[in-house]
Amino acid sequence: MGRQVAIASAGFSEHASKRSDVSMPELVSEAIEDCLKNAPGVEIGDIDAFVNGNMPAFEGSNIPELWMTDWMGARNKPLLRVTTGGTTGGTVAISGYYTVAAGLPGIDTVLAVAFEQQSQGDTSVGLASVAYGEISILNTLGIPYEQISRLLSAGAAIGVAAYQATTYMNKTKIKEEDLARVVVQNRRNAAKTWWAHLKMPNLTIEEVLDTPYVQYPLRYGMVCPASDGACAMLFTTEEKAKDICDIPVYVNGVASVANETAVLGYDGSGSCQIDPSMQLGAIRSAELTYSQAGISFPRKEIDYAEVYSPFPNQELMWVEKLGLFEEATAPEMYEAGVTAVNGELPVNCSGGVNATNAIGASAMERPAEAALQIMGKASNQVPKTVHTSIGSGWGGSLNLITLMAMSDQPRRKF
Amino acid sequence: MSKMTQRKSLDYIKKDYVRTRTLTGSWYLASYKFKFNITHMKPFLEKLKEKKLIGNQCSSCNRVFYPPRQVCGKCLVKPDKWVDIRNTARVSTFAISYLKDPETGEVQERPMVLVHHDGADTTSIAELNPEIDVKDVYVGMPIIAHWRDETVGGLMDIEYYDKFIDDSDDIRYKK
Ligand SMILES: [Zn+2]
């Protein structure tokens, strides 16, 4: 049957391009320390189970969850590691939710931790493992390796995002200024968030447009950084959450939906998504999540959104696909300031993935920040009262979308 | 008060050590063996030798896959019908990459396109004629396959795609 789950607390480590002052377990410990600081009633002995995860092969060490067992306080307790590529953080949060929702005897409070120390591992090895299967198949069918790598531009997520950006820009008839505006909003918001990476309080649209193209239509100044950082979330039952914190945040809906593989497809057979910005998986995950949470009018009922947007065109795309704005109207809303901190529907007030991207942790930082906005404990807190918020995730070439809807009222429909 | 917060904060570590010690290491990781079936590709590759394009169609949802696919993800049905596909296509989407020539150091602009063949329901990666100016490329641009003189029965038999003027009215670009 399942039971109502609440988020009691969430915490972050400091993010930077190279956290060379700490090792990987120490980085994770920082996030847990910050998370438990927000929930003074919880001792490490009160936590019944742990969920842990990061982007596979990006950390450069074998079985990192066992290395950091002592640093998490997980010795002799149930521990689970989940990795789903770019959406790892979202999946770790959903796993934490499921662990509590299952209602197993003796498992009420679960700590979910997602982390990434990209400066330590070899990112190119990680990326190679993402695309190598499809590339070797195309290779066998007659396309030489040099041409494939040129076509895919080394296979990184930016290749996929650039294709999405071109069709999105074609569909909405927007200019590069509209993309730059999103970046400026994100990086200025990041300057007010203590844990964010790229803090640029005085960034202007002209400065963004002054940087060279990485890949048309995306410029260097629009692309997310590579960060080191960790995030922790504390999930517990409805009853216990009321004792632990002042404003428990109830998880009312979760979804994780995969869609057609972008660009390459399986066995080199191409993609059925003729328009890469169509994103049927996001639409479906929104449907599932909102029906669980009893949200009928997302635009009206959702007060705050954290969407996974390493590239500005994705932020515009997601807010539309997740039902927050009508199709092709998001750029206007950004121009009108609807999505600003003091706007009608604030989006990514933490600066989002565009300002901080510790890959494995990024997709968990979205629901974590969205939960803190409801609790009123966020670093860049919006002035209005947030009742309902969402946090989404998107994973690389597979187009896997994770979504979590949270509220200050327990409304999960069973 | 939690034990985690009672415990001395991590600052004591930072006081003692300004930096962590960095150990560099490397090991050979890039060796893979993937098993995949190519029997469903055979008719497709043989037709390429004759400079003809075919795709396979799902009998349940009628979607046409080019290059052929082993299973339709929508219906969990094996596409078993072969259908002809035109050698004309549309640019479904594109991006421009900026690659440095290793010898001259000159930055080259190269458009990378996903092509949507007329008669197919999928897009595939391809290259445009290097003589096409990158500024002229747009979404929905009509293009035509340019074959190599000697075909071997591989995807590389299509050397690149050329621009052409589309005066046919029977096929409209599907949105
Ligand atoms: Zn089918």
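Preceding this section is the structure that the text describes.
Residues numbered from 1 in each chain as written. Chains lettered and ligands numbered in written order. Predicted model: local features only at pLDDT ≥ 70, side-chain atom pairs only at ≥ 80, totals over all residues. Heavy atoms only, no water.

Chemist: Mind laying out the overall build of chain A, listing which residues take part and the relevant values?
Modeler: A count of helical and extended segments in chain A gives 16 helices and 11 strands. Its C-alpha atoms give chain A a radius of gyration of 20 Å, within 12% of the compact-globule value 22 Å for 414 residues. Principal-axis analysis of the C-alpha atoms gives chain A an extent of 55 × 45 × 40 Å. Excluding contacts between residues fewer than 6 apart, the proportion of contacts in chain A whose partners are at least 24 apart in sequence is 78%. As presented, chain A carries roughly 13,600 Å² of accessible surface, and 53% of it is formed by carbon and sulfur atoms. (Helix = DSSP H or I, 4+ residues; strand = E, 2+ residues; numbered from the N terminus. Rg over C-alpha atoms; globule rule 2.2 N^0.38 Å. Contact = heavy atoms within 4.5 Å. Areas by Shrake-Rupley, 256 points an atom, 1.4 Å probe, with all protein chains shown as cover.)

Chemist: Tell me about the sheet that holds strand 3 (residues 79–81) of chain A, and please be specific about residues and values.
Modeler: Residues and elements named next belong to chain A. Reading across from one edge, 3-2-4-7-1-8-11-10-9 is the order of the 9 strands in this open sheet, with mixed pairing throughout. What marks the edges here is a single partner per strand, and that holds for strand 3 and strand 9 (304–306). Here the strands of the sheet are splayed against their neighbours by 25° on average, with no regard to which way each runs. Inspection of the sheet shows strand 9 paired to strand 10 (residues 388–395) by 3 bridges, in the parallel sense. Counted as the bridge partner of A305 is I390 from strand 10. On the sheet, helix 1 (residues 24–37) packs against strand 1 (5–12), strand 4 (110–117) and strand 7 (228–237) and is oriented at approximately 45° with respect to strand 7. (Pairing = 2+ DSSP bridges. Axes fitted to C-alpha atoms, helices over the stretch in contact; angles between N-to-C directions.)

Chemist: Explain unusual backbone geometry to me, using residue names and the numbers behind them.
Modeler: Note the cis peptide between Y216 of chain A and P217 of chain A, where omega equals 0°. Here P217 of chain A shows up in the loop between strand 5 (213–216) and strand 6 (218–219). In this chain, Y66 of chain B is followed by P67 of chain B through a cis amide linkage whose omega measures -5°. By the secondary structure assignment, P67 of chain B is in the loop between strand 2 (64–65) and strand 3 (81–85).

Chemist: Go over helix 4 (residues 88–101) of chain A with me, naming the residues and quoting the values.
Modeler: With 14 residues, helix 4 of chain A extends 19 Å from end C-alpha to end C-alpha; this agrees with the ideal 20 Å at 1.5 Å per step. Where burial is concerned, most of helix 4 of chain A is hidden: 13 out of the 14 residues are buried. (Expected span 1.5 Å × (residues − 1). Buried < 20%, exposed > 50% of the residue type's maximum accessible area, 1.4 Å probe, protein only.)

Chemist: Quick one: what's the story with empty space enclosed by the protein, residue by residue and with numbers?
Modeler: Gaps between atoms show up when a probe of the same size as a water molecule is rolled over them. All names here are of chain A. This model, assessed by the stated rule, comprises 3 cavities of 30 Å³ or more. Taken together, 13 residues make up the lining of the second largest cavity; nearest its centre are A262, V263, S271, Q273 and P276. At 3 residues, the largest contribution of residues to the lining of the second largest cavity is made by helix 7 (residues 157–172). Here the residues of the lining of the second largest cavity sort into 6 nonpolar, 7 polar and no charged. (1 Å grid on protein atoms, 1.4 Å probe; cavity = no way out; pocket = protein on both sides within 12 Å on 5 of 7 lines; lining within 4 Å. Points joined across faces, edges and corners; volume = space filled by probe spheres on them. Nonpolar A, V, L, I, M, F, W, Y, C, P; charged D, E, K, R; others polar.)

Chemist: Summarise the pattern of salt bridges; cite the residues concerned and give the values.
Modeler: Residue and element names in this part refer to chain A. Under the counting rule described, the total for this entry stands at 17 salt bridges over all chains. With a shortest N-O distance of 3.0 Å, E327 and K321 are connected by a salt bridge. Judged by relative accessible area, which is 8%, K321 ranks as buried. The structure contains a network of salt bridges with shared partners spanning R3, D108 and K240. (Salt bridge = Lys/Arg side-chain N within 4 Å of Asp/Glu carboxyl O.)

Chemist: Please set out the coordination of the zinc ion residue by residue, giving values where relevant.
Modeler: All names here are of chain B. For the zinc ion, the protein coordination sphere consists of C58 (SG), C61 (SG), C72 (SG) and C75 (SG), at 2.2 to 2.3 Å. Each of the 4 donor atoms around the zinc ion contributes to a set of angles spanning 105 to 116°, which defines the coordination as tetrahedral. We note that the donor set of the zinc ion lies within a single chain, spaced as C-x2-C-x10-C-x2-C. Here C75 lies in the loop between strand 2 and strand 3 and C61 lies in the loop between strand 1 (53–57) and strand 2, a separation of 14 residues in the sequence. You can call C61 partly exposed: its relative accessible area is 24%. According to the relative accessible area criterion, C75 is partly exposed, its value standing at 24%. (Donors = N, O, S within 2.8 Å, 3.2 Å for Na, K, Ca; no water. Tetrahedral: all angles 85-135°; square planar, octahedral: opposite > 155°, others 65-115°.)

Chemist: Please provide a residue-by-residue account of the side chain of S362 of chain A, values included.
Modeler: Residue and element names in this part refer to chain A. Inspection of the secondary structure assignment puts S362 in helix 16 (residues 359–375). A polar atom in the side chain of S362 sits 2.6 Å from the side chain of N357. For S362, the contacting residues outside a window of four places in its chain are Y308, V353, T356 and N357. (Polar contact = N/O pair within 3.5 Å; in protein donor to acceptor, adjacent residues only side chain to side chain.)

Chemist: Would you mind going over the sheet that holds strand 3 of chain B in detail, with residue names and values included?
Modeler: Residues and elements named next belong to chain B. What the 3 strands build is an open sheet, ordered 2-1-3; its pairing is antiparallel. A single partner strand is all that each edge strand has here, and the edge strands are strand 2 and strand 3. The pairing of strand 1 with strand 2 spans 2 bridges and is classified as antiparallel. Bridge pairing in strand 2 places N56 opposite F65. Strand contacts of helix 3 (residues 42–49): strand 1 and strand 3, with the helix running at about 160° to strand 1, the strand carrying the most contacts.

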